[in-house]
Amino acid sequence: MKVDTGILSQNLTITESFFLGAWFNMTHELSLDSERASFLHSINGCQELLVLLDFGEAYGGANKRYVVASELNNIFNTDPIVTKPAFNKLTKKMLSLTTPNDQGEGEAPVNKAPELVRSHLVEYVDQLQKHYIETGLDYLESLVFPEHPNDSHEHLEKILVVTESIISGLIASGYSINELHNYYRHLLTKFDGEEQFSDRYQHLKTVLLEESKEYEIELSVSNKELAERLAHGSTWTFGSMSLKRSSNNDKTLNAVMKISARSRIAAGIKAHDKLGEILDALSFAIPNINLSIAKNFKSIDTSTQIEKQIRLHSPIPNHIHKMDNNELQRFIGSLDNSLTDTKLAGAYRQLRINTSTENIETRFVGNWTALEALTRDVPLKTNKPGDDEKVTLAAVPPIAIDYVIKRLRTYKVALTHINKTLFTLDNGEQFDISNLTILEMFSTFRCSEKSNKILQELNDFPFFKYRLNSFSKLCQDSLSLAKNIDKHTQKVSLQIKRLYRARNILVHDGARVKNLELLCAYAEHYLKCNLNAITAVIASKPTVTNSQVALLRLADELKDVKLHLNPAIKELKKKQKNGKDPEKQYKDQNYNKTEELEALISLFVQ
């Protein structure tokens, strides 16, 4: 959770401040992976399904299409923008073509009538690309600036859902997450005199709805040998791109090309990719030369001749938790046992190698390789073949447990950041969260009296208050907590399958993968979650000495804990007859055993 205290002086309404908090967190590179906007959107989801239609019966295409179609169906059902008049008829058709069925993947329309599905997908993507962002921004405007003030939980939830849908749509359309965060800094919160926030929102709309422009992009490459091969005054031409020696530096070459894009950064990214392909080929023709493209580039709007210097952003980092001294000692104590495990030692080695390379494809494949090596051979039963299924079964439990732990950490950090750590109960008793352990933070949020006192101090931070309120309610209701963990588990499982498909595209086809930076961040996060989990189990259970057994034990413990949190969790996954609610008897008993999660939390944060 990220909190921008800089907007407190702007006299914003609750809905305006809430929207800013949502945009800030969903585009912040250091937000938790689950706080950033969703990777999958109707646009890139349909594009992914179109690619899978080309698989035919090869490479398990039928199952992959069925999985992605089911994901898309869920998005169509939850995205309020695709139900607007511009898309409503098409969306209804897409829902009918992607609805999961009882007969299995073989009877699904994506496999029985692939050409019909393809035709509708092409039309749907075309409409989304033309009208989705404008339709979404108009709807969001009506929510952020309502005719009558409305700060109800339901209204704020609508703002949250629509904001995430728009940001996901922008990322699927080619915007980088860093670029969208720049819009927060330089458009949404850069107030000018007496300007109202509604004016800033209009600036954002204007920028996001601009038509593509032509930009002249100039990138530079430093390499003495390559520069010497290219005589002064001469030019190498590759299609629309020209490469020539710099007049200012004998070791530098300048690549110039014209790119059509919606923004300077988007044009720079496209140009960077094109130049990268040329340099890949040149590195074969001229062996043993190191070629790297400078981060800074020059862009000229050809319609106005306005020139700007832009810097490309570095790859998206992951939220980092630094071990304290106790955690470090515990980790060091586990190394005697853990480093005898070649898979674990290999994963540490691969992670270290990844941190020293700037090539995003190398980093992604390295992260996946380490994750697969750790998890593929864990002896968990599955009826579904494929390495992605084996990886998913073993890798997901540590990530599911981390889902709760990382929130406890980030909410404590956020409260400290805004100087809200000391609270007074109605009876005069005070409690201070400054020095609480993660387990003690969980106990604090489990207490409704304490969590309510914390929430009362967050009126100036409506988005933070909304998120913390939702989380504290989960900590006080084990039935909902188990379902929430299960929901996150399912989402991560689908994302791991997506990582596997991306890895295959890179390794087997040598093709590019869209938004690989985001996928790489997910892969790295999942790998680190599993390494943390394995280390925790080995450190606390001396008889467990390898990663496979550690992950096997964790999967079993999480299954037991979820069942204790919600005894109806298995039945909820089955289709119920006569509208029967498997949870009813537990709800009637006010069943609540959130304390059952404490043992798993303490395993990770001793």
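Within each chain, residues carry numbers counting from 1 in the order of the written sequence. Confidence filtering applies because this is a predicted model: local features only for residues at pLDDT of at least 70, side-chain atom pairs given and counted only at 80 or more, and all residues used for totals across whole chains, interfaces and linings. Water and hydrogen atoms were dropped before computing side-chain values, which therefore reflect all heavy atoms in the structure.

A. A look at the overall build of the protein. Secondary structure elements follow DSSP: runs of H or I of four or more residues count as helices, runs of E of two or more count as strands, with numbering from the N terminus. The secondary structure content of the protein amounts to 24 helices and eight strands. Within these notes, the globule rule equals 2.2 Å times the number of residues to the 0.38 power, and the radius of gyration is based on C-alpha atoms. Relative to the 2.2 N^0.38 estimate, which gives 25 Å for 606 residues, the radius of gyration of the protein is 26 Å and therefore close to what a compact globule would have. With the principal axes as the frame, the protein shows a C-alpha extent of 80 × 65 × 55 Å. For each residue, the accessible area found with a 1.4 Å probe, counting protein chains only, is set against the maximum for its type, and the residue is called buried under 20%, exposed over 50%, and partly exposed in between. Burial statistics for the protein: of 606 residues in total, 50% are counted as buried. Carbon and sulfur atoms make up 48% of the accessible area of the protein, which totals about 29000 Å². Areas reported as accessible are Shrake-Rupley estimates using a 1.4 Å probe. Residue values count occlusion only from the protein chains shown.

B. Quick look at the pattern of salt bridges. By definition here, a salt bridge exists when the distance from a side-chain nitrogen of Lys or Arg to a carboxyl oxygen of Asp or Glu is within 4 Å. Evaluation of the coordinates by the stated rule reveals 32 salt bridges. In this structure, the salt-bridge partner of Glu115 is Arg118, at a minimum N-O distance of 3.2 Å. Residue Glu115 and its partner Arg118 are located together in helix 6 (residues 114–144), separated by three residues, close to a single helical turn. Each of Glu48, Glu71, Arg498 and Arg501 takes part in salt bridges that share partners, so that together they form one network.

C. Local environment of a nonpolar patch on the surface. Residues form patches when they are more than 30% accessible in relative terms and have no salt bridge. Like charges link within 9 Å. Nonpolar side chains (Val, Leu, Ile, Met, Phe, Trp, Tyr) link within 5 Å. Where nonpolar side chains cluster on the molecular surface, the patch consists of Met323, Leu328 and Ile332 and spans about 250 Å² of accessible area. Structurally, the position occupied by Ile332 is in helix 12 (residues 325–338).

D. Expanded view of the sheet that holds strand 5 (residues 296–301). With antiparallel pairing, the six strands of this open sheet are ordered in space as 2-3-4-1-5-6. For this open sheet the edge positions go to strand 2 (236–238) and strand 6 (307–311), each flanked by a neighbour on one side alone. The mean angle between the axes of side-by-side strands here comes to 25°, regardless of whether they run parallel or antiparallel. One ladder, built from four bridges, connects strand 3 (residues 241–245) with strand 4 (residues 252–261); its direction is antiparallel. Paired with Ser242 across the two strands is Val256, which belongs to strand 4. Working rule for contacts: check all heavy atoms of both residues, and any pair within 4.5 Å makes them a contact. Angles here are taken between N-to-C directions and fall from 0 to 180 degrees, while the axes themselves are lines fitted to C-alpha atoms, restricted in helices to the stretch in contact. Strands in contact with helix 11 (residues 264–285) are strand 1 (213–222), strand 2, strand 3, strand 4, strand 5 and strand 6; relative to strand 4, the strand with the most contacts, it is inclined by about 130°. Any two strands between which DSSP finds at least two bridges are classified as paired.

E. Geometry of helix 18 (residues 462–475). If you check helix 18, its first and last C-alpha atoms are 20 Å apart, about what 14 residues at 1.5 Å a residue would give, namely 20 Å. Helix 18 sits mainly inside the fold: ten of its 14 residues count as buried. Residue count minus one, scaled by 1.5 Å, sets the expected span of a helix.

F. Spatial organisation of unusual backbone geometry. Phi at Asn419 is positive, roughly 60°, even though this residue is not glycine. Overall, the relative accessible area of 64% leaves Asn419 in the exposed class. Even without a glycine there, the phi angle at Asn515 is positive, about 55°. Summarising the element assignment, Asn515 is placed in the loop between helix 19 (478–509) and helix 20 (516–540).

G. View of the side chain of Asn354. On the secondary structure map, Asn354 appears in helix 13 (residues 342–355). On the basis of relative accessible area, Asn354 is assigned to the buried category, the value being 3%. For Asn354, the contacting residues outside a window of four places in its chain are Thr362, Arg363, Gly366 and Asn367.

H. Molecular detail of the packing of aromatic side chains. Working definition: a ring pair exists when centres of Phe, Tyr or Trp rings (six-membered ring for Trp) sit within 6.5 Å. Plane angles under 30 degrees give stacked, over 60 give edge-to-face, the rest tilted. All told, the structure shown has 18 aromatic pairs when counted by the stated rule. Summarising the aromatic geometry, the rings of Tyr411 and Phe464 are spaced 6.1 Å apart at their centres and angled 25° between planes, so their arrangement reads as stacked. Taken together, the residues span a long stretch of sequence, with Tyr411 in helix 15 (residues 387–417) and Phe464 in helix 18 at a distance of 53 residues. Tyr411 gets classed as buried once you look at its relative accessible area, which sits at 2%. Between the aromatic rings of Tyr411 and Phe471, the centroid separation amounts to 5.4 Å while the plane-to-plane angle is 50°, which identifies the pairing as tilted.

I. A look at the side chain of Ser42. Locating Ser42 in the fold gives a position in helix 2 (residues 42–53). Owing to a relative accessible area of 0%, Ser42 belongs among the buried residues under this scheme. In this structure, Ser42 is in contact with Leu72, Ile75, Phe76, Asp79, Val82 and Leu128, ignoring residues within four places of it in sequence.

J. Molecular detail of the packing of helix 7 (residues 153–172) against helix 18. The interhelical angle for the contact between helix 7 and helix 18, taken along N-to-C directions, is 105°, at an axis separation of 12 Å. By the angle between their axes, helix 7 is roughly perpendicular relative to helix 18. Listed contacts from helix 18 to His153, Leu156, Glu157 and Leu160 of helix 7 are Phe463, Tyr466, Arg467, Asn469 and Ser470. Basically, the charged four are Asp, Glu, Lys and Arg, the nonpolar ten are Ala, Val, Leu, Ile, Met, Phe, Trp, Tyr, Cys and Pro, and anything else, Gly included, counts as polar. Considered class by class, the residues forming the contact of helix 7 with helix 18 number four nonpolar, three polar and two charged. For classification purposes, an angle smaller than 35 degrees is called roughly parallel, one larger than 145 roughly antiparallel, one from 65 to 115 roughly perpendicular, and anything else oblique.

K. How the structure looks around the nonpolar core. Ranked by internal contacts, the top residues of the largest apolar core, which has 148 residues, are Phe19, Trp23 and Phe464. In this structure, Phe464 is in contact with Met1, Val3, Tyr411, Ala414, Leu415, Ile418 and Leu458, ignoring residues within four places of it in sequence. Within this scheme, the nonpolar core is defined by two criteria: the residues are buried Ala, Val, Leu, Ile, Met, Phe, Trp, Tyr or Cys, and they are joined through side-chain atoms within 4.5 Å.

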